[in-house]
Amino acid sequence: MITRALFVRLEAKAGREEEVESFLRGALDAVDAEDGTPLWFAVRFGPSSFAIFDAFPDDAAREAHLSGKVAAGLMENAPQLLASEPTIERADVLASKLDVASA
């Protein structure tokens, strides 16, 4: 059951938009290796606005993800790629539906 989530807002520096996109696309392999992260999306809202949405079965899985390779890589590259620090919001999942058969 999915009970916890993260929503991470990212704003790319001017001229670094494609690098942010490439970083997010490349992060999928690391996230795939995480047993406690069953749901992960990297999205683009506009030319320089990006986000990550991911969900977890519990607090321990969420905290493990925040201590993982993607978070470390993001924080390491943030000064070069992002216009500001990532905004990380923790959320409780009230209801969810995941129909992987039709995905």
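Above: the structure in question.
Residues numbered from 1 in each chain as written. Predicted model: local features only at pLDDT ≥ 70, side-chain atom pairs only at ≥ 80, totals over all residues. Heavy atoms only, no water.

Enquirer: How do you make sense of the nonpolar core when you look at a structure like this?
Expert: Counting 18 residues, the largest nonpolar core has Val 8, Leu 10, Val 20, Leu 24, Phe 50, Ile 52 and Leu 82 as the members making the most contacts within it. Of all the secondary structure elements, the ones that give two or more residues to this core are strand S1 (4–11), helix H1 (17–32), strand S3 (49–56) and helix H3 (69–81). Ignoring any residue separated from it by four or fewer positions in sequence, one finds Val 20 in contact with Ala 12, Phe 50, Leu 81 and Leu 82. (Core = buried A, V, L, I, M, F, W, Y, C linked by side-chain atoms within 4.5 Å. Buried < 20%, exposed > 50% of the residue type's maximum accessible area, 1.4 Å probe, protein only. Helix = DSSP H or I, 4+ residues; strand = E, 2+ residues; numbered from the N terminus. Contact = heavy atoms within 4.5 Å.)

Enquirer: Could you clarify how one ought to interpret H3 in this entry?
Expert: With 13 residues, H3 extends 17 Å from end C-alpha to end C-alpha; this agrees with the ideal 18 Å at 1.5 Å per step. A bend of about 30° at Met 75 is the largest found in H3, and the proline Pro 79 appears one to four places after it. Where H3 is concerned, the buried positions are Val 70, Ala 71, Gly 73, Leu 74, Ala 78 and Leu 81. The inward-facing, buried residues of H3 contact S1, H1 and helix H2 (59–66). (Expected span 1.5 Å × (residues − 1). Bend = angle between axes of the 7 residues up to and from the residue.)

Enquirer: Whenever I open this one, the environment of Gly 68 confuses me. Can you help?
Expert: If you trace the backbone, Gly 68 turns up in the loop between H2 and H3. Linking Gly 68 and Val 31, residues 37 residues apart in sequence, is a C-alpha distance of 8.6 Å.

Enquirer: What am I meant to see in the environment of Val 100 here?
Expert: Residue placement: Val 100 occurs in the segment after strand S4 (87–92). Between the C-alpha atoms of Val 100 and Lys 13, which are 87 residues apart in sequence, the distance is 35 Å.

Enquirer: Quick question: what am I supposed to make of a nonpolar patch on the surface here?
Expert: Together, Phe 41, Val 43, Phe 45 and Phe 53 line one region of the surface with nonpolar side chains, adding up to about 350 Å² of accessible area. In this structure, Phe 45 sits in the loop between strand S2 (39–44) and S3. (Patch = residues over 30% accessible without salt bridge, like charges linked within 9 Å, V, L, I, M, F, W, Y side chains within 5 Å. Areas by Shrake-Rupley, 256 points an atom, 1.4 Å probe, with all protein chains shown as cover. Salt bridge = Lys/Arg side-chain N within 4 Å of Asp/Glu carboxyl O.)

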